[in-house]
Amino acid sequence: MSAIAPGHHVAQPSREPPPSLIAGPLAWMRTNLFNSWLSTAVTLALGYLVLRMGTSFIQWAFIHAVWTVPMGANGTLDPAACRAAQGVGACWAVIWDKYRFILFGRYPYDQQWRAAIVVVLFIGLFVVSGMRRFWRKELVLIWIGTLTVIGVLMWGGVLGLTYVGQDIWGGLPITLILSTFGLAVAFPLAVLVALGRRSTTMPAVRMLCVLYIELIRGVPLISLLFMASVMFPLFMPEGLNPDKLLRAQVAIILFAGAYLAEVVRAGLQGLPKGQYEAADAIGLGYWRKMGLVILPQALRLVIPPLVNTFIGFFKDTSLVLIIGIFDLLTSGKVAVAEPIWQAYSTEVYIVLALIYFAFCFSMSRYSRGLEREFGKSVRR
Amino acid sequence: MSQSVTGEAPAILLDKVNKWFGVLHVLRDVSMTVAQKEKVVVCGPSGSGKSTLIRCINRLETHQEGRIVVDGTELTDDTRSLDTIRREVGMVFQSFNLFPHLTILENCTLAPIWVRKIPKAEAEELAMSFLTRVKIPEQAKKYPGQLSGGQQQRVAIARALCMRPKIMLFDEPTSALDPEMIKEVLDTMIGLAEDGMTMVCVTHEMGFARQVADRVVFMDRGEIVESGTPAEMFENPQTDRLQLFLSQILRGH
């Protein structure tokens, strides 16, 4: 570097730091919130609104809230304190009184510990399945084992547990059963349907898959649930009438399957043709090509829309309310039907929303982490 | 034109092969024989059908008329014969087509393990020996996205070799590479040719053709216009079309 010819220009490193280095909360606020008189006005107006609503919510939910109410003379709770605070403070006493009904519905009160264990088992199953170091063949066994234990706990009738028919199951276990079985069955179904729809060698299969997807996507889930609960029994032979919960489960599976199939198909189409050709050229057969090369990439590509659909269906299971299945939302609704608590449905719905949010938000965070992890290895 | 070097059965035989894409006639009565251990370079202007021709040999494209026999097995709709042929024929693509979700080593062991049913340890040993041969054993644990184009293409060659093919097909292997990386890939291919691999190579690298090809085939508009040794073809082109093509190629280089 010692002998640079005259006229040979060497760029000097710039002294100015790049603009992104001018950081800090104040600088951020200046560029994003107060960069013109209009945005300053909008910021101030919205800030005022948020502050007002925030403080009145905090006052309602915490400061003026009634947390417990005393036992009345006739052996039931006396919501007089809540009535006094109505419109000013929340009545969380309804939750303390009703939380077991909200969580477990009409499941026999003295047996609800079984339903509680089931909820814990489901959550444990999700956590274990989420950890990559458990992504082995043994995971299938873990699922089969856990689901068997869940079945035994819910139904009972063996091991000294009293039998509980599924017509009186309810609450969070029903929501978890419908969504877990729904997605666990719908997802493999969706992969097969997506592959079928892309088949070039079997036009009949392709037609069938297109027909299935379009038919199911063409009707709302509610009408499918009505069909499952009202119309379906009419067509079934006498004596062969599967239970209402099972019928709703099948409807959810079919519905979720059609939607997920389209998401998976998008992933299949997003892969360059060269990946298919390279897999063909090294002699992998159809199923190995799909299983080892195409699907692992295609599914990673569609993690965001896939999780989006998962979250959607977790919440959509609440639609079984309209055919009288006792899921989390239904049991919350029934809980506030009781005369003394009728005025406090808001409190119950807030708690229900928090439960749904906890599950959906975990799914969302998990998928973000998964994307980041996969992004590391597949950065092109 | 279809002389066999040693007199044994040809590695590849094409007999009056015709193919259409819709109404576009992309291969017209193409007949050609590739002897065992012969190195054939296919060249021609873009759209001449040379890539389609080579892709018909391992049935990435299907031909509609004529016969293609590879290593004694005729290409038909029968999937069993197709599996056999794809095991024996390796292919290297213009765009590498490595599997981005697998490491370099996994890319190389995938087919040996799942198609040839070789135990994993043995397949890895084999893969490492081929990666050493293409001079990148130290990249084995990396992912394709972390390698340069030239390195990726050498991995692609190693991946094909791991199936121990009798025939290697190259579809413009250097066309997607930056100029400084072309040589490392060509050197790998030259090494392969020196070891006696049967090769069919679509390329515009005339230096490579001169150095390794036993025969150059010139295609234009879906048909084989001229073929012969590199010396005959380059020094004494018989047809106007080849003359025009050569002048364009040379001007480009």
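Structure: above.
Source: prediction; values computed, not measured.

Any chance you could break down the sheet that holds strand 8 (residues 198–202) of chain B for me, citing the residues and the numbers?
The strands that make up a sheet pair up through hydrogen bonds in the backbone, lying either parallel or antiparallel. Residue and element names in this part refer to chain B. One open sheet accounts for six strands, arranged 6-7-8-3-9-10; its pairing is mixed. Every other strand in the sheet has two partners, leaving strand 6 (89–92) and strand 10 (223–228) as the edge strands with one partner each. Here the strands of the sheet are splayed against their neighbours by 20 degrees on average, with no regard to which way each runs. Sheet analysis places strand 7 (residues 167–171) next to strand 8, joined by five bridges and oriented parallel. Across the sheet, F170 pairs through a bridge with C201, a residue of strand 8. Docked against the sheet, helix 2 (residues 79–88) engages strand 6 and strand 7, running at close to 60 degrees with respect to strand 6. The strands touched by helix 6 (residues 179–194) are strand 3 (39–43), strand 7 and strand 8; relative to strand 8, the strand with the most contacts, the crossing angle is about 150 degrees.

Got a sec to walk through the pattern of salt bridges? Specific residues and values, please.
On inspection of all chains with the given rule, the structure shows 23 salt bridges over all chains. Two residues, E38 of chain B and R215 of chain B, come together in a salt bridge whose shortest N-O distance is 2.9 Å. Of this pair, E38 of chain B sits in the loop between strand 2 (24–34) and strand 3 while R215 of chain B sits in strand 9 (residues 215–220); the two residues are 177 residues apart in sequence, bridging distant segments of the chain. Here R215 of chain B falls in the buried class, since its relative accessible area comes to 3%. By sharing partners, the salt bridges in this structure join R197, E214, R217, E262 and R265 of chain A into a single network.

How would you summarise the layout of surface pockets if you had to cite specific residues and measurements?
Counted as a void, the second largest pocket has a volume near 1300 Å³. What lines the second largest pocket is a set of 35 residues, and nearest its centre among them are T200, T201, D280, Y286 and K289 of chain A. Where the lining of the second largest pocket is concerned, the elements lending two or more residues are helix 7 (172–197), helix 11 (273–281) and helix 12 (286–301) of chain A together with helix 2 of chain B. A per-class count over the lining of the second largest pocket returns 13 nonpolar, nine polar and 13 charged.

Outline the pairing of strand 4 (residues 65–70) of chain B, listing residues and values.
All names here are of chain B. Strand direction decides the pairing type here: strand 1 (residues 12–21) and strand 4, joined by five bridges, are antiparallel. Bridge pairing in strand 4 links I12 to V70. A loop of two residues connects strand 4 with strand 5 (residues 73–74), the two strands running antiparallel in sequence, and D71 in this loop sits at a positive phi of about 50 degrees.

Account for helix 6 of chain B, naming residues and giving values.
Residues lying three or four places apart along an α-helix face the same way, a consequence of the helix completing one turn every 3.6 residues. Residues and elements named next belong to chain B. Compared with the 22 Å implied by 1.5 Å per residue over 16 residues, the 24 Å span of helix 6 between its first and last C-alpha is a close match. Within helix 6 the residues assigned to the buried category are M181, I182, V185, L186, T188, M189, I190, L192 and A193. Looking at the buried positions of helix 6, the neighbouring elements they touch are strand 3, helix 4 (120–133), helix 5 (149–161), strand 7, strand 8 and helix 7 (206–212).

Can you tell me about the pairing of strand 8 of chain B, naming the residues and giving the values?
Residues and elements named next belong to chain B. Across the five residues that make up strand 8, a large majority, five, are buried. The alternating pattern of strand 8 places T198, V200 and V202 on one face and M199 and C201 on the opposite face, and all of these are buried. With four bridges joining them, strand 3 and strand 8 adopt parallel strand pairing. Note on strand 8: the bridge partner recorded for K39 is M199. What joins strand 7 to strand 8 is helix 6, and the crossover it makes is right-handed.

Analysis parameters
- Residues numbered from 1 in each chain as written.
- Chains lettered and ligands numbered in written order.
- Predicted model: local features only at pLDDT ≥ 70, side-chain atom pairs only at ≥ 80, totals over all residues.
- Heavy atoms only, no water.
- Pairing = 2+ DSSP bridges.
- Helix = DSSP H or I, 4+ residues; strand = E, 2+ residues; numbered from the N terminus.
- Axes fitted to C-alpha atoms, helices over the stretch in contact; angles between N-to-C directions.
- Contact = heavy atoms within 4.5 Å.
- Salt bridge = Lys/Arg side-chain N within 4 Å of Asp/Glu carboxyl O.
- Buried < 20%, exposed > 50% of the residue type's maximum accessible area, 1.4 Å probe, protein only.
- 1 Å grid on protein atoms, 1.4 Å probe; cavity = no way out; pocket = protein on both sides within 12 Å on 5 of 7 lines; lining within 4 Å.
- Points joined across faces, edges and corners; volume = space filled by probe spheres on them.
- Nonpolar A, V, L, I, M, F, W, Y, C, P; charged D, E, K, R; others polar.
- Expected span 1.5 Å × (residues − 1).
- Right-handed = clockwise from strand over helix to strand, strands pointing away.

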